[in-house]
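What follows is the residue order along each chain.
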Amino acid sequence: MAAYFSIILVIITSLTGIIWLIDAQIFAPKRRAALALLQAKNVPLTHDAINKITREPILVDMAHGVFPVFAFVLVLRSFLYEPFQIPSGSMMPTLLVDDFILVEKFSYGLKDPVWRTQLVETGKPQRGDAIVFKYPEDPKIDYIKRVIGLPGDKVIYNNKELVITPACNNKHSCPEAMTIDRVQVNRGEFTKSGVPLIRLREQLGDVNHHVLINPARPEASSHYFRQPGLNTGEFLVPQGMYFAMGDNRDDSTDSRFWGFVPEENLVGKAVAIWVSFEYEHSADSWVPAWIPSCVRFERIGAIS
């Protein structure tokens, strides 16, 4: 839907801009010339008559009014910030269902809004970034996950433990494998089918964030994406791609299952929650289900 909205926005902005430009360059000068000719002949003209001669046609007037608005939205949404709504719990506890987030579009390069061709390179994802991207198996769908592996990294996820061997860019001194340290924060703040989930604090690069583990759910390793020559749960990130996982580790469909995120699929970096709603109505409530029961003000702020 977001992709279609971008195309529609570009079309409307272009059409209104063209209509306004054609009138400004061709028809508006003719209207002014007609008025000047009548005034040169000393033809008496009322204020209403002058307005009638110089007035823009309805279509041009509409284009004149809406073009700046659509152009502003197009630039803002395509190159600066775009709002997204969180539809699932795959990034809990960092992001909850019905959090509304802002995605910084210029973090990983400026792209045209239709063909998504990179125009200017501005940066690359870093380990720990929460990224929005086009789902590789269906680019019409936007996903949000956390960057775990960078190009050239080897990622091992086994027994719900994460081990990363960073890419070796210097053959004489290669980084050693590092087990990602985690510290338990609490147990039972979140539940799944009555099972208390374990909340852990995890450090990925410079990013300190929280993850959830379901102790009752076995690891779904039989469904993991497999690469030739590697064991189950081992992933070697190709160049130009990224390995991404949800913070809700046992309830996230991510790179473990469908592979890697191509760089060209990147949309931007999730940077802030700007509003968050809750929709918990009692069974006998007269309030429509689509109206929020409350605003979660405590969730508003930067995303770690």
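Everything below is about the structure shown above.
Residues numbered from 1 in each chain as written. Predicted model: local features only at pLDDT ≥ 70, side-chain atom pairs only at ≥ 80, totals over all residues. Heavy atoms only, no water.

### A closer look at the overall build of the protein chain
Turning to step 1, where the next piece is worked out: Across its full length, the protein chain holds four helices and 18 strands.
Turning to step 2, where the next piece is worked out: Taken against the 2.2 N^0.38 rule, which gives 19 Å for 304 residues, the C-alpha radius of gyration of the protein chain at 27 Å runs more than 25% over that of a compact globule.
Turning to step 3, where the next piece is worked out: Counting only C-alpha atoms, the protein chain reaches 90 × 65 × 30 Å along its principal axes.
Turning to step 4, where the next piece is worked out: Counting the 304 residues in the protein chain, one finds 38% classified as buried.
Turning to step 5, where the next piece is worked out: Partitioning the intrachain contacts of the protein chain with sequence separation of at least 6 by distance along the chain shows that 56% fall at a separation of at least 24.
Turning to step 6, where the next piece is worked out: Each charge class in the protein chain can be summarised by its mean position, and for the 31 positive and 33 negative side chains these summaries are 5 Å apart. (Helix = DSSP H or I, 4+ residues; strand = E, 2+ residues; numbered from the N terminus. Rg over C-alpha atoms; globule rule 2.2 N^0.38 Å. Buried < 20%, exposed > 50% of the residue type's maximum accessible area, 1.4 Å probe, protein only. Contact = heavy atoms within 4.5 Å. Lys, Arg positive; Asp, Glu negative; His and termini not counted. Charge placed at Lys NZ, Arg CZ, Asp CG, Glu CD.)

### Some words on the nonpolar core
Turning to step 1, where the next piece is worked out: Formed by 17 residues in total, the largest nonpolar core has its most connected members in Ile 148, Val 155, Leu 162 and Phe 243.
Turning to step 2, where the next piece is worked out: Taken together, the elements giving at least two residues each to this core come down to strand 7 (154-158), strand 8 (161-165), strand 11 (195-204), strand 12 (207-213) and strand 14 (241-245).
Turning to step 3, where the next piece is worked out: No other element matches strand 11, which puts three residues into this core.
Turning to step 4, where the next piece is worked out: Dropping the residues within four chain positions of it, Ile 148 is found in contact with Arg 127, Asp 153, Val 155, Leu 162, Ile 164, Leu 204, Phe 243, Ala 244, Met 245 and Arg 249.
Turning to step 5, where the next piece is worked out: Within the second largest apolar cluster, 13 residues are counted, among which are Leu 95, Val 103, Ala 270 and Ile 303. (Core = buried A, V, L, I, M, F, W, Y, C linked by side-chain atoms within 4.5 Å.)

### Digging into the sheet that holds strand 8
Turning to step 1, where the next piece is worked out: Here we have four strands laid out as an open sheet, ordered 9-8-7-13, and antiparallel in their pairing. The strands lining the two open edges of the sheet, one partner per strand, are strand 9 (178-179) and strand 13 (234-236).
Turning to step 2, where the next piece is worked out: One ladder, built from three bridges, connects strand 7 with strand 13; its direction is antiparallel. Looking at strand 13, one finds that Ile 156 is bridged to Glu 234. (Pairing = 2+ DSSP bridges.)

### Let's talk about the state of the cysteines
Turning to step 1, where the next piece is worked out: Tallied over the full model, the rule gives one disulfide.
Turning to step 2, where the next piece is worked out: Here Cys 168 is linked by a disulfide to Cys 174, with a sulfur-sulfur distance of 1.7 Å. Residues Cys 168 and Cys 174 share a disulfide whose torsion about the S-S bond is about -55 degrees; that sign makes it left-handed.
Turning to step 3, where the next piece is worked out: In this structure Cys 174 comes out as partly exposed when scored by relative accessible area, which is 41%. (Disulfide = S-S within 2.5 Å.)

### Observations concerning the sheet that holds strand 11
Turning to step 1, where the next piece is worked out: Across the sheet, three strands lie side by side as 10-11-12; this open sheet has antiparallel pairing. Edge strands, defined here as strands with exactly one partner in the open sheet, are strand 10 (182-192) and strand 12. Ignoring strand direction, the axes of neighbouring strands in this sheet form an average angle of 30 degrees.
Turning to step 2, where the next piece is worked out: Here strand 11 runs beside strand 12; their pairing, made up of seven bridges, is antiparallel. Within the sheet, the bridge partner assigned to Ile 198 lies in strand 12 and is Ile 213. (Axes fitted to C-alpha atoms, helices over the stretch in contact; angles between N-to-C directions.)

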